[in-house]
Amino acid sequence: MSILSIQSSVAYGHVGNSAAVFPLQRLGVEVWPVHTVHFSNHTGYGQWRGPLLAAEDVRAVIQGVEERGAFEDVQAVLSGYQGGEDIGDVILDAVARVKEANPGAIYACDPVMGNAKSGCFVHPAIPVLLRERVVPAADLITPNQFELGYLTGTEPRTVEQTLESVELARQLGPSKVLVTSVERPDAPEGTIEMVAVTDDGAWMVQTPRLPMKANGSGDVTAALFTAHLLETGDPSLSLARTASSVFDLLQTTLDSGRRELQLVQSQEAIASPRMQFDVIPLR
């Protein structure tokens, strides 16, 4: 399995490609990372150094990969945070070219816009780009519950409302949706959930909520779910594996007392998920 991953990169810590590549490799996936930025660290620190790569430079790297005849081997294009409309154009062009070379390839898009606590933290043009052009081109999207609402003009809170919002998102184009950070008023205290929906059904997994904020955890989640779904074709199994690995990663990070994801220290939980959480069919 080969994945073309077009995302940001940091030298210190784990977000974007620096969060997605190692877990995918640990699963045995061949990953070709294309960086859109190369920063010293993620921007959550308030200070960072390094270049934002020009769209034409990103396009040139992708073109070089294409010229090696690699596109016919790509099973998925994976993208996350899109810093500008010009990068969005490059990603959409890459998706079209990959699908031309391999019609069976999918586009997995994490439509990064914000979260329930911080609100929308991207440039105002980005949600419009995602809703009108990027998400319609995607086969799989992995928004958090806040982003799902932002994409669909809804405010999902209950499970039923979340499923209704997912169907609105699926009407935009993607047939598969993974919703992360699902919170509902009637959930058991101290829990958080993920919901996966495809043409075959809908499933939910519930895990303990850990008292932490971990930059990059959404990037890991999107990468793992994409890889497991490609390998198994089973959304329920993919959800269980992803939830298990991500929870253990977050627990290890919390126990370490460190701010950055402890990816290397959690590699066994990624390669061999403990499968400690039950997946509940919703329909």
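One can find the structure itself at the top, above this paragraph.
First, a word on scope: everything that follows refers to the structure included in this document. Computed from a prediction, not measured in an experiment: that's the story for all the values here.

### Focus: unusual backbone geometry
Not every positive phi belongs to a glycine, and S181 is a case in point at roughly 50°. Within the secondary structure layout, S181 lies in strand 8 (residues 176–182).

### Focus: the nonpolar core
Core analysis: the largest hydrophobic core is formed by 42 residues, its most contacted members being L4, I6, I62, V77, Y107 and I141. Sorting elements by how many residues they give to this core places helix 3 (residues 85–101) first, with seven residues. Among all residues touching Y107, those that are not within four sequence positions of it are V77, S79, Q82, I91, L92, V95, K99, V134, A137, A138, D139 and L140. Core analysis: the next-biggest nonpolar cluster, separate from the first, contains 35 residues, L24, A76, M194 and I270 among them.

### Remarks on the side chain of H42
Note on placement: H42 falls in the loop between strand 2 (30–39) and helix 2 (55–67). A polar atom in the side chain of H42 sits 3.5 Å from the side chain of E260. H42 has contacts with V10, V15, N215, R259 and E260, leaving out every residue within four places of it along the chain.

### Some remarks on the sheet that holds strand 7 (residues 140–141)
The strand order across the open sheet built from nine strands is 2-1-3-4-7-8-9-10-11, with neighbouring strands paired in mixed fashion. Each edge of the sheet is formed by a strand with only one pairing partner; in this case those strands are strand 2 and strand 11 (279–281). By the bridge criterion, two bridges tie strand 4 (residues 106–109) to strand 7 in an arrangement that is parallel. Residue pairing in the sheet places A108 in a bridge with L140 of strand 7. Contacts from helix 2 reach strand 1 (2–10) and strand 2 within the one sheet, and its direction differs from that of strand 2 by about 165°. The strands that helix 5 (residues 145–152) touches are strand 7 and strand 8; relative to strand 8, the one it contacts most, it runs at about 125°.

Reading guide: rules and limits
- Residues numbered from 1 in each chain as written.
- Predicted model: local features only at pLDDT ≥ 70, side-chain atom pairs only at ≥ 80, totals over all residues.
- Heavy atoms only, no water.
- Helix = DSSP H or I, 4+ residues; strand = E, 2+ residues; numbered from the N terminus.
- Core = buried A, V, L, I, M, F, W, Y, C linked by side-chain atoms within 4.5 Å.
- Buried < 20%, exposed > 50% of the residue type's maximum accessible area, 1.4 Å probe, protein only.
- Contact = heavy atoms within 4.5 Å.
- Polar contact = N/O pair within 3.5 Å; in protein donor to acceptor, adjacent residues only side chain to side chain.
- Pairing = 2+ DSSP bridges.
- Axes fitted to C-alpha atoms, helices over the stretch in contact; angles between N-to-C directions.

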